[in-house]
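Structure assessment
Chain by chain, the residues:
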Amino acid sequence: MGALTRILLLVSTLSLVSYTSAQQVCLTDIILVVDHSGSIRDTNPPGEDNWEKVMDFLRSIVTALDIGEDSTRLGLVSYGNRGKVDFTLNTYYSSQELLEKGINQIVYKGGNTNTTGALRVARQEVMTVAAGDRPEVNNIVILITDGIPTREAPGLPAEAADVRQMARLIAVGVTDAVDRPLLESIISKPIDKTYFSVEDFDQLSVILDELISEACRTVAPPVTTTTTTTTTPMPVGPCAKE
């Protein structure tokens, strides 16, 4: 291999590393709220497992991010009849540990669809300083569901509004069995940026890049305009009014 070839390979490698690192850096606290209700496996295609496709999607999210104490922190709540904290924002600070001890240990339980309860658990038990939430960093909640809420449904709009006071709420609706108008009504605006729809579980991988980009997007703070007022002094002299 000639010297010029080695130089070109080195430059290409450095460029790739730099580009990849830039894609993955995301100073954000992300909470995944993952539906594991019975409908997921009830609709399994022959010989396939929809839940495993959800798990693959979760693994892809982890590997796409730069997980670390000072970069992206990730927590997860799974839910069926009720919400359960699988791990908080300060449980794992490396992708490998998060995958092996966190994602891969999530248990499919079936059950109903208590989206309200899951969001409440995320808000009360994960979005806290004790659970690793950083006040100076954006919170992103990503709700992944394939069905219609069947428990505590009347309380969903109010709970979602409470979550939106603390985080940007994004939803991923899987299949046409979801109540899309309902999901669009509870997520953050604009909905063309915060609602992701896929026809089936095989399509989850298609939205990965766009979802990560949106989760990592930093909204610029409002521009503050400073107004300077100049005061003209009253005239002084023989013509000035007493």
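Just so you know, these numbers come straight off a predicted model, no measurement behind them. (Residues numbered from 1 in each chain as written. Predicted model: local features only at pLDDT ≥ 70, side-chain atom pairs only at ≥ 80, totals over all residues. Heavy atoms only, no water.)

**Structural notes on the nonpolar core**
Counting residues in each nonpolar core, the largest one holds 39 residues, and the members touching the most others are Leu32, Leu58, Ile103, Ile142 and Val172. Where this core is concerned, the elements lending two or more residues are strand S1 (28-35), helix H3 (50-64), strand S2 (73-79), helix H4 (95-102), strand S4 (138-145), strand S5 (168-174), strand S6 (195-198) and helix H9 (208-216). Examining the composition of this core, we find that seven residues originate from one element, H3, more than from any other. In this structure, Leu58 is in contact with Leu32, Val34, Leu76, Ile103, Ile106 and Ile144, ignoring residues within four places of it in sequence. (Core = buried A, V, L, I, M, F, W, Y, C linked by side-chain atoms within 4.5 Å. Buried < 20%, exposed > 50% of the residue type's maximum accessible area, 1.4 Å probe, protein only. Helix = DSSP H or I, 4+ residues; strand = E, 2+ residues; numbered from the N terminus. Contact = heavy atoms within 4.5 Å.)

**Topic: the confidence of the model for the chain**
Considering every residue of the chain, the mean pLDDT works out to 85; 80% of them sit at 70 or more. The model gives residues 3-24 a pLDDT under 50, and that stretch makes six contacts with residues more than four places away or in other chains. Across residues 220-242, where pLDDT falls below 50, the model places one contact with residues more than four positions away in sequence or in other chains. (pLDDT = per-residue confidence, 0-100.)

**Here's the deal with the packing of helix H5 (residues 115-126) against helix H6 (residues 156-164)**
Running from N to C, H5 and H6 cross one another at 25°; their axes reach a closest spacing of 9 Å. With respect to H6, the element H5 is oriented roughly parallel. The way H5 lies across H6 gives a crossing that is left-handed. Contacts from Thr115, Thr116, Leu119, Arg120 and Arg123 of H5 reach H6 at Leu156, Glu159, Ala160, Asp162 and Val163. Tallied by class, the residues present in the contact of H5 with H6 amount to four nonpolar, two polar and four charged. (Axes fitted to C-alpha atoms, helices over the stretch in contact; angles between N-to-C directions. Parallel < 35°, antiparallel > 145°, perpendicular 65-115°, else oblique. Left-handed = near helix turned anticlockwise from the far one by under 90°. Nonpolar A, V, L, I, M, F, W, Y, C, P; charged D, E, K, R; others polar.)

**Examining the state of the cysteines**
If you walk through the whole model with that rule in mind, you get one disulfide. Between the sulfur atoms of Cys26 and its disulfide mate Cys216 the distance is 2.2 Å. Residues Cys26 and Cys216 share a disulfide whose torsion about the S-S bond is about -110°; that sign makes it left-handed. Residue Cys26 is located in the loop between helix H1 (3-24) and S1, and its partner Cys216 is located in helix H9; the two are separated by 190 residues in the primary sequence. (Disulfide = S-S within 2.5 Å.)

**Some points on the sheet that holds S1**
With mixed pairing, six strands are arranged side by side in an open sheet as S3-S2-S1-S4-S5-S6. The open sheet terminates on both sides in strands that have one partner only, identified here as strand S3 (83-87) and S6. Along the sheet, successive strands turn relative to each other by an average axial angle of 20°, direction set aside. Here S4 runs beside S5; their pairing, made up of six bridges, is parallel. Note that in S5 the partner of Ile142 across the bridge is Ile170. (Pairing = 2+ DSSP bridges.)

**Some words on H9**
Those residues of H9 lying buried are Leu208, Leu211, Ile212, Glu214, Ala215 and Cys216. On its buried face, H9 sits against S1, H3, S4, S5, helix H8 (191-194) and S6.

**Details of H3**
Taking 1.5 Å of rise per residue, the 15 residues of H3 would be expected to cover 21 Å, and the 21 Å separating its terminal C-alpha atoms lies within 8% of that figure. Of the residues making up H3, those classed as buried are Asn50, Trp51, Lys53, Val54, Met55, Phe57, Leu58, Ile61 and Val62. Contact partners of the buried residues in H3: S1, helix H2 (39-42), S2, H4, S4 and H9. (Expected span 1.5 Å × (residues − 1).)

**With respect to the packing of aromatic side chains**
For the coordinates displayed, the defined rule picks out two aromatic pairs. With centroids separated by 5.4 Å and ring planes inclined at 50°, the aromatic side chains of Trp51 and Tyr108 adopt a geometry described as tilted. Placement of Trp51 in helix H3 and of Tyr108 in the loop between H4 and H5 is noted, with a sequence separation of 57 residues between them. For the pair shown, Trp51 and Tyr108 are each scored as buried. (Phe/Tyr/Trp six-rings, centres within 6.5 Å; stacked < 30°, edge-to-face > 60°.)

**As for the pairing of S5**
In summary, the side chains of a regular strand alternate between the two faces of the sheet. Of all seven residues that make up S5, seven are buried, and the element is covered over most of its length. Neither face of S5 is left uncovered, since the one carrying Arg168, Ile170, Val172 and Val174 and the one carrying Leu169, Ala171 and Gly173 both have all their residues buried. Relative to S6, S5 runs parallel, the two sharing four bridges. Counterpart to Val174 in the pairing with S6 is Val198.

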